[in-house]
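Here's the letter readout for the chains.
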Amino acid sequence: MTERARAEGRAGVWSGSWVAERLGVEVTGDETLTGMLGLALRRNPKRAHLLVSNVLGKHVPQAPSVVYGHGVALGRRVRDLLGEEAARSAVVLGYAETATGLGHSVADGLGPAPYLHSTRRPVAGVARAGGFEESHSHATSHLLLPEDPALLAGDGALVLVDDEFSTGNTVLNTVRALHERYPRERYVVVALVDMRSPADAGRLEEFAREIGARVDLVTAASGTVRLPPGVLDKGQELVARYEAPSTDADADAGAGTGGAAGRVARVDLRWPDGVPDGGRHGFTAAHRERLEQALPEMAARIAGALPAGARRVLVLGCEELMYAPLRLAHALEGTVDAEVRYSTTTRSPVLAVDDPGYAIRTRLVFPAHDDPADGPGERYAYNVAGAGFDAVVAVVDSAADTPALHARDGLPARLAAHVPHVLLAVVPSYVPTAPHAPERPSMLPEPLRGPDFSSYPPDEVGWLLQDLSDVTLEAPTEEREEAIQSGGAHYAESLPVEYQPTEQYQELFHAALATSAARLARAVGAVTEIVLTERSPRPVLVSLARAGTPVGILMRRWARFRHGLDLPHYAVSIVRGRGIDANALRWLADRHDPADVVFVDGWTGKGAITRELATALRAFEASDGITGFDPEIAVLADPASCVRTYGTRDDFLIPSACLNSTVSGLISRTVLRADLVGPHDFHGAKFYRELSGADLSTAFLDAVSARFPDVADAVDAQTKELLAADRTPTWEGWAAVERISEEYGIHDVNLVKPGVGETTRVMLRRVPWKVLARAGAGADLDHVRLLAEQRGVPVEEVDGLPYTCVGLIHPRYTRGATGADGRAVAL
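Scoring rules and cut-offs
- Residues numbered from 1 in each chain as written.
- Predicted model: local features only at pLDDT ≥ 70, side-chain atom pairs only at ≥ 80, totals over all residues.
- Heavy atoms only, no water.
- Axes fitted to C-alpha atoms, helices over the stretch in contact; angles between N-to-C directions.
- Helix = DSSP H or I, 4+ residues; strand = E, 2+ residues; numbered from the N terminus.
- Parallel < 35°, antiparallel > 145°, perpendicular 65-115°, else oblique.
- Left-handed = near helix turned anticlockwise from the far one by under 90°.
- Contact = heavy atoms within 4.5 Å.
- Nonpolar A, V, L, I, M, F, W, Y, C, P; charged D, E, K, R; others polar.
- Pairing = 2+ DSSP bridges.
- Expected span 1.5 Å × (residues − 1).
- Bend = angle between axes of the 7 residues up to and from the residue.
- Buried < 20%, exposed > 50% of the residue type's maximum accessible area, 1.4 Å probe, protein only.
- Phe/Tyr/Trp six-rings, centres within 6.5 Å; stacked < 30°, edge-to-face > 60°.
- Salt bridge = Lys/Arg side-chain N within 4 Å of Asp/Glu carboxyl O.

Caption draft 1: Structural view of the packing of helix α17 (residues 582-591) against helix α18 (residues 608-624). Where α17 meets α18, the closest approach of the two axes is 11 Å, and the angle between their N-to-C directions is 65 degrees. Here α17 lies roughly perpendicular to α18, going by the angle between them. With respect to the hand of their crossing, α17 and α18 are arranged in right-handed fashion. On the side of α17, the interface is formed by Ala582, Leu585 and Arg586, while α18 contributes Leu617, Phe620 and Asp624. Taken together, the residues of the contact of α17 with α18 sort by class into four nonpolar, no polar and two charged.

Put into structure tokens, the structure is as follows:
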């Protein structure tokens, strides 16, 4: 970026005009909006455009007084909204990575409120207090890791802070998830800009009514982004066209320095002991007071290390580490005569175009240097190269002060190629002190086995569960649905009443089994052969109860039939939003090599459990220090395209999905409730002995395994084909679910259940709204059509559906949504 280009930018050219003209994107709203926002193109297949804030301090260097001032002003408005008394009991939660500093600034403006931000960095010894997914993001998984578990458990207002409020999906899904665990009466959503469409604008009030709480919105500006049809494809075409070395400052490493690398030196901040580097584990009023006292001296040390005559200085934070660099920059601004600016590095991949009408002029690329849980990757610093800085103060935490940081392609070296002087300031990463806790029992119980627990023979599976058969956990489907959607209960805290199939429905099951047994056997054989070839020659099969259990048994039978192997097989509980049973993982790690463990499930729907398992295992590694568990799930069918280990990607009827416990060893789905499952217990489940007369569990397994000899040659061919194929997950199922969620006005991916198996579960266990069926779908949907007829659920044929069918749960459910006969009522 030349001095002339910077002058053009200051001369009044809107930094969103380049994208607006080429994509047809229209931004309308408050008079201040275009001053606060520019536009750029994402290098991300999920969204075409990026709203680039000029006052956030992320992508665009800005005066720290402006960045901090916006956050503090929003916090004061929240304090005025709540009142002084309610403000004292509020808690502020910011979103990683972009809003960690903004959220912290809001907390400063609010007053004595403690602050916590979500994180994508698991930390050893800190238990996960919650988490959520940000579906449109390039890095979706957020963890909540407060040092004090009670931080989120109070009844004061929860203030959620993000940089922008676009569709509202992320914030509303977060509130829904937190409300299930920590219900409260009031929430305040804070953002720099409210960019919701008219269609989304009314959802906040509707959502508040659903959960029975007040939800307010506080923003600095508001407007709307209008996107033309086909904007995603057009945006990707533009990225491909303009993605060239000339847009990347690293392609000309000598730019701005006359070809000579700048000097890199350290500055010792003398950060105050015991003060956290940010809000990853919580930041209290006492922490704030100590930081305020130390800031002037730390700013003086930075000022003393700057080169004489420096006129323009950038303080550069690091990804989630935004608040500490911001406060240092703000203090430095009042200490030196130089022009001080502030921004941070980021994970977000954005196209750079050196044009005054484009918000991201230059891009520095360097490798991640904090050993991220999701593996190595690129990181970026935008609008730094060529911006005329005489010095850059790069602020990182000690966890990121690694050899990768100091490598030849690391951040300081990249900066030094464009800036004469680089100072590195390291803030000590705050490591919470583990609270005293009683020691875990020296021995966890041995697995439950049949016939005492389940109708399976004892050698087929060991259940790492506790028996809750004597506890009444069942509730009517309509009552459960209302409680789940209102936030009054988590789905795993109760059980649906077991569906008792009619004679006609049982006939459908037997007909489907007779038709598909050979197809199932081929898929079982193929997935087992892939596991034995790629994962472990003697794997430990660990089924995700309960749908995975019959599949795990069949895989065990195939290994014995074809290879004479007697594989260990267990079933464990995993709960969406709560993770996998950590005690079960500890039991497994005590007795087996975690690297041999292969998690097994029946099929993939949209991939939510795949993501849940990966997130839970990262948190388990951080908390227990036990490594080696592979999050890759082995499934019979992967219609969602979210795993590499599968027997087929066809979406077809797996007969075990037609029934509940009577095809799963008479075991209920798993239960996780605080009054029943203690910190040293396995999750729970029930054994329905009283249903033994209707049990088809062994008959199902025998019908499939009887076809093993017939399909052996076909399995060899199918396995060879799969091993040679590109099985990289595309996550097209998740994208389809997001599209259906928006198209049908549901706005919650958890209420969209794709695939034959998941649709069947909707019909048996939830309150269905409608079924979408692929046009021309045949016998695979006979049982779904029968259930739909019985429950009065419309079946809508859809062209081009990527699944055979999709079940939609009633999106605004109350018991008025069904008639007295339990049949669905249209919205």
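Caption draft 2: Broad picture of the sheet that holds strand β30 (residues 768-774). Ordered in space as β29-β32-β30-β31, the four strands form an open sheet in which the pairing is mixed. The sheet terminates laterally at β29 (752-754) and β31 (795-798), the two strands that pair on one side only. Mean inter-strand twist for the sheet, computed between neighbouring axes without regard to direction, equals 20 degrees. Relative to β31, β30 is paired through four bridges, and the arrangement is parallel. From the neighbouring strand, arginine 774 faces β31, where its bridge partner is valine 798.

Caption draft 3: View of helix α20 (residues 708-724). Taking 1.5 Å per residue, 17 residues should reach 24 Å; α20 reaches 23 Å between its end C-alpha atoms and fits that length. Where α20 bends most, the angle comes to about 40 degrees, and this point is alanine 714. Considered for burial, the residues of α20 that qualify are Phe708, Val711, Ala712, Val715, Gln718, Thr719 and Leu722.

Caption draft 4: Fine view of the packing of aromatic side chains. For the structure on display, the rule yields 13 aromatic pairs. For the pair tryptophan 18 and tyrosine 242, a centre-to-centre distance of 4.9 Å together with 80 degrees between the ring planes defines the contact as edge-to-face. Note that tryptophan 18 is positioned in helix α2 (residues 17-23) and tyrosine 242 in helix α10 (residues 231-242), a separation of 224 residues in sequence. Among the residues examined, tryptophan 18 registers a relative accessible area of 3% and is labelled buried.

Caption draft 5: Examining the pattern of salt bridges more closely. All told, the structure shown has 38 salt bridges when counted by the stated rule. The partner of arginine 280 in a salt bridge is aspartate 277, with the nearest N and O atoms 3.9 Å apart. Arginine 280 sits in the buried class, given a relative accessible area of 9%. Exposure remark for aspartate 277: the relative accessible area of 7% places this residue in the buried category. Between arginine 689 and aspartate 467 there is a salt bridge whose closest N-O contact spans 3.8 Å. Of this pair, arginine 689 sits in the loop between β28 (684-685) and α19 (697-705) while aspartate 467 sits in strand β19 (residues 466-467), and the two are 222 residues apart along the sequence. Take arginine 689: its relative accessible area is 41%, and that puts it in the partly exposed class. Taken together, the salt bridges that share partners define one network made up of Asp108, Arg288, Glu292 and Arg327.

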